[in-house]
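# Summary of structural features
For reference, the chains in residue letters:
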Amino acid sequence: MTQIQKSITNFGELGLAPKLLSVLETNGFIHPTPIQQQAIPFALQGKDVVGIAQTGTGKTLAFGLPMIQILSRNKGQGLVLVPTRELALQVEETLQKVGRSIGLQTVVLIGGAPMYAQTRALRNSPHIIIATPGRLMDHMEQKTVNLQNVKIVVLDEADRMYDIGFAPQVKQILRAVPSDRQSMLFSATMPTAIASIATHSMKNPVRVEVAPVGTTAKLIDQAIYMVGKELRLQLLDFLLEKEPGTVLVFSRTKHGAKKIASAIRNMNHTAMEIHSDRSLAQRRAALSGFKSGAHRVLVATDIAARGIDVTGISLVINFDLPNNSEDYVHRIGRTGRAGASGRAVSFASPDERGVLRDIERLIKKPLPILALPVLPPKRPQSNSAHTMNHEPRVHSHANHSRPRWGNNQRGGGNGQRTNKFSNPRHARGRY
Ligand code: ADP
Ligand code: MG
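Quick caveat, the model's predicted, so the values are computed rather than measured.

## Quick look at the environment of Pro368
For Pro368, the location among the structural elements is in the loop between helix H14 (353-363) and strand S14 (369-370). Given 9 C-beta atoms within 10 Å, Pro368 falls into the exposed group. Counting along the chain gives 147 residues from Pro368 to Asp221, while the straight-line C-alpha distance between them is 9.8 Å.

This is the structure:
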């Protein structure tokens, strides 16, 4: 691990160009976060970097700023690989916030959107390509993208990118990029087994670790309710009644997300759901409505666990525990971002104590168990619940049209689940 001098407190001291500094100032970014302080100087030197820092601590600009600066001075393209469409769009937004005024051109390659518009944008040789692996592979197969000019590759949420579903695609993509590239990996978590695969193709990478892997964001108050499935909706009812702020509810399955969202609407709260059975338009509407406050609650699968930056989420509820401890860190990391505080409560069944212990081992702290409050009565099922769902009227057709676009998340919810891991493409649809 690299030590840095504590005296660095301004972006100006990191080696960034005056133009970028003034854009940062305009955006209100004065002091670099610890990961930015430590990673940017190495990245600007062209070094390969593995950056580990807690959720919500500014990793996007930690790779984005040096990438923009290097590409503005040298010919060549940058490639940012991310696990979800939402994160791709968000990364582009962040990069453009800084790069727009200096003429940065970007393209987002994600499923659910037409190939042709992306192909057209690719013809203009944008400086940075931001892509999910599935859609990028579709472009590679159709020879509508050429990765020969890529000089910098970033894997955001790198451990996720190398897990069972994405690894074969990521490897294939990296084989298509010249080997003399600069590579950077960023995440809040990095299981050892994945780290060794992920760094395999890197050149003597500098590991910048602001906090030990798995450390949760500082100001998130975490707790557990031991509660069986039959009481969870009533507990959710209780918590939503008590919490006036924005709430993100995680469900392990798409079907669960749909049911929970409908139940929440039946409790007279505004809610939408986001998972891979929804169309891109529906997913964007759900997230932007949540950001704007049009609906207070968002119910999501782990598709929203990684990277998504929504200001001011006050409470994250794990309606069920995630499949692995890393996802727990990322899920609760949707609150407590950029120095804000937040709360995360998780529902666990008595037979999941082992899962809880694994999480505690990763985050290196105990999770307090709260006593169940007196719960409100079970709500009668409302037939009109679904009619309160103000979403674009495209839902029932979404599944059928997706494969046409070489969708990034295809394979879920249409009978292909049984062998999703045998074919990496099917693994895309699991959320
Ligand atoms: P991470 O990738 O580490 O989870 P993000 O890059 O999404 O975090 O950034 C989290 C939030 O912090 C964003 O809203 C971003 O605008 C803000 N942020 C990033 N860098 C700074 C900074 N230097 N000063 C203040 N806020 C920042
Ligand atoms: Mg991030």
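That shown, we press on.
## What to know about the packing of helix H6 (residues 133-141) against helix H8 (residues 167-175)
A pair of packed helices can be characterised by two numbers: the angle between their axes and the separation between those axes. Remark: H6 packs on H8, axes separated minimally by 10 Å, with the N-to-C direction vectors making an angle of 45 degrees. Classed by the angle they form, the pair H6 and H8 counts as oblique. The two elements H6 and H8 cross, and the hand of that crossing is left-handed. Each of Pro133, Gly134, Leu136 and Met137 in H6 lies in contact with H8, whose residues at this interface are Gln169, Val170, Gln172 and Ile173.

## Points about the sheet that holds strand S12 (residues 313-318)
Sheets are built from strands that pair by backbone hydrogen bonding, the pairs being arranged parallel or antiparallel. Strand order across the open sheet formed by seven strands is S10-S11-S9-S12-S13-S8-S14, with parallel pairing between neighbours. Since the sheet does not close on itself, it has two edges, and those belong to strand S10 (271-274) and S14, each with one partner. When strand S9 (residues 246-250) meets S12, the two strands line up parallel, connected through five bridges. Its bridge partner being in S12, Thr246 is matched across the sheet by Ile313.

## Overview of the site of ligand 1
Taken together, 17 residues lie around ligand 1, and Gly58, Lys59, Thr60, Asp309 and Ala338 are the ones closest in. Per-element accounting of the shell around ligand 1 gives the leading share, three residues, to helix H3 (residues 59-73). A per-class count over the shell around ligand 1 returns five nonpolar, nine polar and three charged. Looking at the shell around ligand 1, you find at least three residues from each of domain 1 (2-213 + 397-430) and domain 2 (220-363 + 365-388).

## With respect to the sheet that holds strand S6 (residues 182-187)
Taken together, seven strands build an open sheet; the order of strands is S3-S4-S2-S5-S6-S1-S7 and the sheet is parallel. Both edges of this open sheet fall to strand S3 (106-109) and strand S7 (206-209), since each of them pairs with a single strand only. Strand after strand, the sheet turns through a mean of 15 degrees between neighbouring axes, direction not considered. Across four bridges, S3 lies against strand S4 (residues 128-131) in parallel orientation. Bridge pairing links Thr106 to Ile128 in S4.

Reading guide: rules and limits
Residues numbered from 1 in each chain as written. Chains lettered and ligands numbered in written order. Predicted model: local features only at pLDDT ≥ 70, side-chain atom pairs only at ≥ 80, totals over all residues. Helix = DSSP H or I, 4+ residues; strand = E, 2+ residues; numbered from the N terminus. Buried ≥ 20, exposed ≤ 12 C-beta atoms within 10 Å, placed from the backbone. Axes fitted to C-alpha atoms, helices over the stretch in contact; angles between N-to-C directions. Parallel < 35°, antiparallel > 145°, perpendicular 65-115°, else oblique. Left-handed = near helix turned anticlockwise from the far one by under 90°. Contact = placed C-beta atoms within 7 Å. Pairing = 2+ DSSP bridges. Near = placed C-beta within 6 Å. Nonpolar A, V, L, I, M, F, W, Y, C, P; charged D, E, K, R; others polar. Domains from an automatic or database assignment.

Interpretation in functional terms is not warranted from these geometric data alone.
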